[in-house]
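A structural walkthrough
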Amino acid sequence: MTLESAPDSVVPAAPERAELPKAMITATGDEWWRSAVIYQIYPRSFADSDGNGIGDLKGITHRLPALAELGVDAIWLSPFFKSPQKDAGYDVADYCDVDPLFGTLDDFDQLLEAAHGLGLKVIADMVPNHTSDQHVWFQAALAAPEGSPERDRYMFRDGKGPNGDIMPNNWESVFGGPMWERVINPDGSKGQWYLHIFDKSQPDLNWENPWVREQFFGILRFWLDRGVDGFRVDVAHGMIKEAGLPDYTPPEEGASMGGAAATDLIPGIADPEVVPDPPYWGQPGVHEIWRGWHEVLAEYEGDRVLCAEAWVDPLTKVALWVRPDEMSQAFNFAYMFTDWKAKPLRRVIQESIDAFAGVGAPSTWVLSNHDVVRHASRLALTADSPQGAGIGPNSPGKPDPAVGLRRARAATSLMLALPGSSYLYQGEELGLPEDMELPDSARQDPTWFRTNGEKYGRDGCRVPIPWEANSPAYGFNDSGKSWLPQPKDWAPYARDAQEGVPGSTLEMYKAALSLRSVHGLGTGSVEWVTDYGKKVVAFRNGDVTVITNLGKVAVELPVGEIVLSSEEIVGGALPTDTTVWLLPS
Ligand code: GLC
């Protein structure tokens with residue numbers, strides 16, 4: 001990756017941004033990731049080679065040809081590092097080793113070689129905000145005295161009050177409960193408190209400490225030397241906390257990952273400085289860290305990528321993470337959480353294009369991942385469901401599955417026609433819904449435990465995926481075991497039940513990905529078409545016209561050759577919740 005390939009620009013001031021032309025400004029540079037479709041693998045739930053009920057690296061390697069056939073460009077692997085698995089691997093105990101649950105470093109090397117052999121890039125998941133409490137650094141910190149260099153690698157503070165019994169501040173953990181845990185000293189007395197944005201088993205590192213920064217340079221090089229094509233960076237908006245750690249009460253009850261959907265609140269494109277972030281999210285100091293990481297990646301051949309998980313608002317602020325000398329991409333959570341309505345959808349697409357073009361970066365698009373309700377269910381929910389809360393047997397507003405799937409297919413067909421890079425989450429190509437009936441006894445997400453069952457958490461989107469309709473565990477393994485139970489009615493979603501079946505969700509994804517590549521949509525542009533009324537999103541990207549009808553009334557289609565449709569088109573009309581791609585006839 002070279003700096004020459006990106007414009008030498010800084011984020012323009014707000015008034016200039018507002019004047020950006022309404023048509024898409026194509027991002028510059030020819031790096032593969034600018035237009036790539038990247039498939040997220042959640043290793044525990046993808047494919048299990050040894051039958052213990054938890055997916056593994058060998059299982060992934062075995063199933064890679066199915067992804068090459070699907071037509072994606074890259075895979076992103078959620079963490080497979082050594083971990084006590086308190087947060088499904090997002091609690092890392094050794095960044096330079098594979099957890100025995102998933103295999104060995106040799107298994108990883110084989111996976112990488114197989115993926116590269118199939119033309120797939122491989123992105124690892126780096127978790128720098130916190131370690132596991134089992135990491136040797138944290139164990140050393142607990143054993144070391146207050147004020148020691150070992151403690152300074154984490155966020156230890158004295159408690160308030162005469163005996164230090166009161167927490168250092170009022171921050172609430174993303175998973176529920178306080179963000180602080182008190183340690184017991186080796187002599188049995190009560191000691192300092194440490195900060196954990198997530199579970200108490202995930203202590204936050206002190207990124208003001210140069211020693212921590214150095215360690216991560218080494219960790220990045222370890223995986224880059226092995227040949228990974230880049231990193232998805234976990235909680236890339238959390239690593240620096242406001243000086244003095246001031247009290248903070250979020251506007252809504254309970255902490256969350258931060259902003260994401262507030263674009264609707266902001267008329268036009270707002271100045272990032274006017275929207276204050278909580279003292280633990282989106283602090284300006286994080287950008288120096290990304291400039292350092294950028295330099296490490298630039299030492300390597302072949303356009304390595306850094307993708308930020310940064311839940312900040314508005315999109316112009318997210319764009320700060322992908323300035324030319326920082327990261328390459330950032331997840332577009334504002335897009336993900338836009339209601340299934342034409343006006344906000346058109347608006348978030350345009351805002352995304354403008355905001356990222358302002359720094360010469362491509363926009364990304366994403367509808368599902370391992371932290372949110374699957375979009376085949378989310379898009380038909382009739383009650384609010386905040387990110388991370390999940391849906392379960394007693395949730396209000398459960399979706400009609402047929403409406404959800406129909407909207408998901410229309411939404412994905414629209415997304416895959418947009419220029420930039422798209423992220424897919426395993427199982428969405430099968431049309432998988434959220435599992436909303438998981439028994440309480442099966443739940444594993446720390447959110448469920450830390451909120452005493454008030455929030456179901458994220459297990460419903462993490463259930464092992466179905467490969468074969470008539471095999472044990474739907475072909476996830478041979479033993480029939482599954483770390484989260486699979487629903488009894490998932491056989492029709494299995495890959496082998498959809499393979500070669502015209503109109504199946506799997507075939508629709510394959511067709512969309514192939515057409516996207518043939519027509520160069522990933523590197524194209526958006527030119528809005530306004531002929532179809534308020535309830536329709538329509539645009540041209542090169543020679544392809546994309547029309548999505550979000551209204552109840554069917555819309556007459558123009559003359560043209562339909563090359564993709566998310567539902568069967570009868571006569572010349574586009575029904576509700578349907579997307580078509582047309583070529584001039
Ligand atoms: C990110 C991950 C999520 C994890 C959290 C803490 O948001 O996507 O799964 O629980 O970070 O690491």
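Counting restarts for each chain: residues are numbered from 1 in the order of the written sequence. A pLDDT threshold of at least 70 governs which residues receive local features in this predicted model, and a stricter bar of 80 or more applies before side-chain atom pairs are shown or counted, although totals over entire chains, interfaces and linings include all residues. The basis for every side-chain value is the complete set of non-hydrogen atoms in the structure, without hydrogens or water.

Some thoughts on the overall build of the protein
Counted only if it meets this: Here a strand is any run of E in DSSP of at least two residues, a helix any run of H or I of at least four, and the numbering for each starts at the N terminus. We take the radius of gyration over the C-alpha atoms and set the globule estimate at 2.2 Å times the residue count to the 0.38 power. Relative accessibility thresholds used throughout: buried, under 20% of the residue-type maximum; exposed, over 50%; partly exposed, between the two (1.4 Å probe, protein chains only). In this description, contact between two residues means that some pair of their heavy atoms is separated by no more than 4.5 Å. Computed by Shrake-Rupley with a 1.4 Å probe, the accessible areas treat only the displayed protein chains as cover when residues are assessed. For this count, His and the chain ends are skipped, Lys and Arg are scored as positive, and Asp and Glu as negative. Each charge is placed at NZ for Lys, CZ for Arg, CG for Asp and CD for Glu.
A tally of regular secondary structure across the protein gives 14 helices and 20 strands. Computed over C-alpha atoms, the radius of gyration of the protein comes to 23 Å, within 12% of the 25 Å expected from 2.2 N^0.38 for 585 residues, which places it in the range of a compact globule. Once the C-alpha set of the protein is aligned to its principal axes, its extents read approximately 80 × 60 × 50 Å. A buried classification covers 61% of the 585 residues belonging to the protein. Taking all contacts inside the protein whose residues are at least 6 apart in sequence as the whole, residues at least 24 apart take part in 71%. Counting every atom, the protein has about 21,900 Å² of accessible surface; 52% of that belongs to carbon and sulfur. Within the protein, one finds 49 positive and 83 negative side-chain charges whose respective centroids are separated by 4 Å.

Quick look at the packing of helix α2 (residues 57-70) against helix α3 (residues 105-117)
Applicable threshold: What counts as an axis is a line fitted to C-alpha atoms, over the stretch in contact for a helix, and the angles between N-to-C directions run from 0 to 180 degrees. Angle categories are assigned with fixed cut-offs, so that under 35 degrees is roughly parallel, over 145 is roughly antiparallel, 65 to 115 is roughly perpendicular, and the rest are oblique. Each helix crossing is assigned a hand: it is left-handed if the near helix lies turned anticlockwise from the far helix by less than a right angle, otherwise right-handed if that turn is clockwise.
Contact pair α2 / α3: the axes reach a minimum separation of 9 Å and the direction vectors enclose 15 degrees. By the angle between their directions, the pair α2 and α3 is classed as roughly parallel. In this structure, the crossing between α2 and α3 has a hand that is left-handed. Contact residues: α2 offers L57, K58, I60, T61 and L64, while α3 offers D107, F108, Q110, L111, A114 and A115.

With respect to the pairing of strand β15 (residues 536-541)
Let me state the cut-off plainly: Strands qualify as paired when DSSP identifies two bridges or more between them.
Among the 6 residues that make up β15, 5 are buried, leaving the element largely enclosed by the rest of the structure. Across 2 bridges, the pairing between strand β14 (residues 527-528) and β15 is antiparallel. Across the sheet, E527 pairs through a bridge with R540, a residue of β15. Relative to strand β16 (residues 544-549), β15 is paired through 6 bridges, and the arrangement is antiparallel. Its bridge partner lying in β16, F539 is registered against V546. Between β15 and β16, which pair antiparallel and follow one another directly, the connecting turn spans 2 residues, one of which, G542, has a positive phi of 60 degrees.

Observations regarding the state of the cysteines
Put plainly, two cysteines are in a disulfide when a covalent bond ties their sulfur atoms together. What counts here: Note on terminology: disulfide denotes any pair of cysteine sulfur atoms within 2.5 Å.
Taken as a whole and assessed by the stated rule, the structure comprises 0 disulfides. C461 supplies the cysteine sulfur nearest to C307, a cysteine that is in no disulfide, at a spacing of 17 Å.

Description of the site of the ligand
Where we set the bar: A single heavy atom is enough: if one lies within 4 Å of a molecule or strand, its residue is considered near that molecule or strand. Residues adjacent in sequence count toward polar contacts only when both atoms are side-chain atoms; beyond that, a polar contact is any pair of N or O atoms within 3.5 Å, and within protein one must be able to donate a hydrogen and the other to accept it. Classification convention: Asp, Glu, Lys, Arg as charged; Ala, Val, Leu, Ile, Met, Phe, Trp, Tyr, Cys, Pro as nonpolar; all other residues, Gly among them, as polar.
Of all residues adjacent to the ligand, which total 15 residues, the nearest are D87, D234, E309, H370 and D371. Taking H370, its side chain carries an N or O atom lying 2.8 Å from an oxygen atom of the ligand. Within the side chain of R458, a nitrogen or oxygen atom sits 2.9 Å from an oxygen atom of the ligand. Protein contacts shield 99% of the accessible area of the ligand, which totals 300 Å² for the unbound molecule. Grouping the amino acids of the shell around the ligand by side-chain chemistry returns 5 nonpolar, 3 polar and 7 charged.

Quick notes on the sheet that holds strand β10 (residues 305-308)
If you trace the 8 strands from one edge of the open sheet to the other, you get β11-β10-β9-β5-β2-β1-β13-β12, paired in parallel fashion. Looking along the sheet, the strands with just one partner apiece sit at the ends: β11 (329-330) and β12 (364-366). Both strand β9 (residues 230-233) and β10 contribute to a ladder of 4 bridges, which runs parallel. If you follow V233 over to β10, its bridge partner there is A308.

As for the packing of aromatic side chains
Quick reminder of the rule: Between rings of Phe, Tyr and Trp, where Trp is taken as its six-membered ring, a pair exists when centres lie within 6.5 Å; planes separated by under 30 degrees are stacked, by over 60 edge-to-face, and by other angles tilted.
This model, assessed by the stated rule, comprises 34 aromatic pairs. Consider the rings of W311 and F333, whose centres lie 3.7 Å apart with planes at 5 degrees: the pair is stacked. With a gap of 22 residues between them, W311 in the loop between β10 and α7 (315-318) and F333 in helix α8 (residues 333-336) connect regions that are remote in the sequence. You can call W311 buried: its relative accessible area is 2%.

A few points about a positive patch on the surface
The cut-off we apply is this: Within this analysis, patches are made of residues with over 30% relative accessible area and no salt bridge. Like charges are joined at 9 Å or less; nonpolar side chains (Val, Leu, Ile, Met, Phe, Trp, Tyr) at 5 Å or less. One side-chain nitrogen of Lys or Arg within 4 Å of one carboxyl oxygen of Asp or Glu is enough to make a salt bridge.
There is a patch of like positive charges on the surface, built from K343, K534, K535 and K552. Position of K552 among the secondary structure elements: in the loop between β16 and β17 (555-556).

Thoughts on the sheet that holds strand β6 (residues 156-157)
Strand order across the open sheet formed by 3 strands is β6-β8-β7, with antiparallel pairing between neighbours. Edge positions in the open sheet fall to β6 and β7 (180-184), since each of these has one partner strand only. As paired strands, β6 and strand β8 (residues 190-195) are joined by 2 bridges and run antiparallel to one another. Across the sheet, the residue bridging to F156 is Y194, located in β8.

Section: unusual backbone geometry
Cis geometry marks the peptide bond from D313 to P314; its omega dihedral reads -10 degrees. Although it is not a glycine, L245 adopts a positive phi angle of roughly 45 degrees. Within the secondary structure, L245 is located in the loop between β9 and α6 (286-298). Look at L245 and you get buried, because its relative accessible area is 9%. Of note in the backbone geometry, Y474 takes a positive phi value of approximately 50 degrees without being a glycine. Inspection of the secondary structure puts Y474 in the loop between α12 (446-450) and α13 (495-498). Since its relative accessible area comes to 11%, Y474 is described here as buried.

A look at the confidence of the model for the protein
Put simply, the rule reads: A score from 0 to 100, pLDDT tells how confident the predictor is in each residue.
Of the residues in the protein, 92% reach a pLDDT of 70 or more, and the chain-wide mean stands at 92. Predicted confidence in the protein is weakest over helix α1 (residues 14-18), with a mean pLDDT of 32, and strongest over strand β1 (residues 37-41), with 99. Contacts from residues 1-27, a stretch scored under 50 in pLDDT, to residues over four places away or in other chains number 60 contacts. This model gives residues 260-273 a pLDDT under 50, and the stretch forms 34 contacts once residues within four places in sequence are excluded.

With respect to the environment of T61
For T61, the location among the structural elements is in helix α2. Each C-alpha atom, one on T61 and one on E561, is 38 Å from the other, the two residues being 500 residues apart in sequence. Residues within four places of T61 in sequence aside, it is in contact with Q110, L111 and A114.

Here's the deal with the environment of S368
Of note, S368 is situated in the loop between β12 and α10 (375-378). Leave out the neighbours within four places in its chain, and S368 touches M336, V373, R374, H375, R378, Y425 and E428. One polar contact links S368 to H375, side chain to side chain, over a distance of 2.8 Å.

Overview of the nonpolar core
As a reminder of what qualifies: Nonpolar core, defined: a set of buried Ala, Val, Leu, Ile, Met, Phe, Trp, Tyr and Cys residues in which side-chain atoms within 4.5 Å join the residues together.
F231 and W293 are the most contacted members of the largest nonpolar core, which totals 158 residues. Discounting chain neighbours no more than four positions away, the residues touching F231 are I123, A124, M126, L220, W223, L224, L297, V305, L306 and C307. The next biggest cluster of nonpolar side chains, apart from the first, holds 11 residues, and it includes Y532, A538, V555 and V580.

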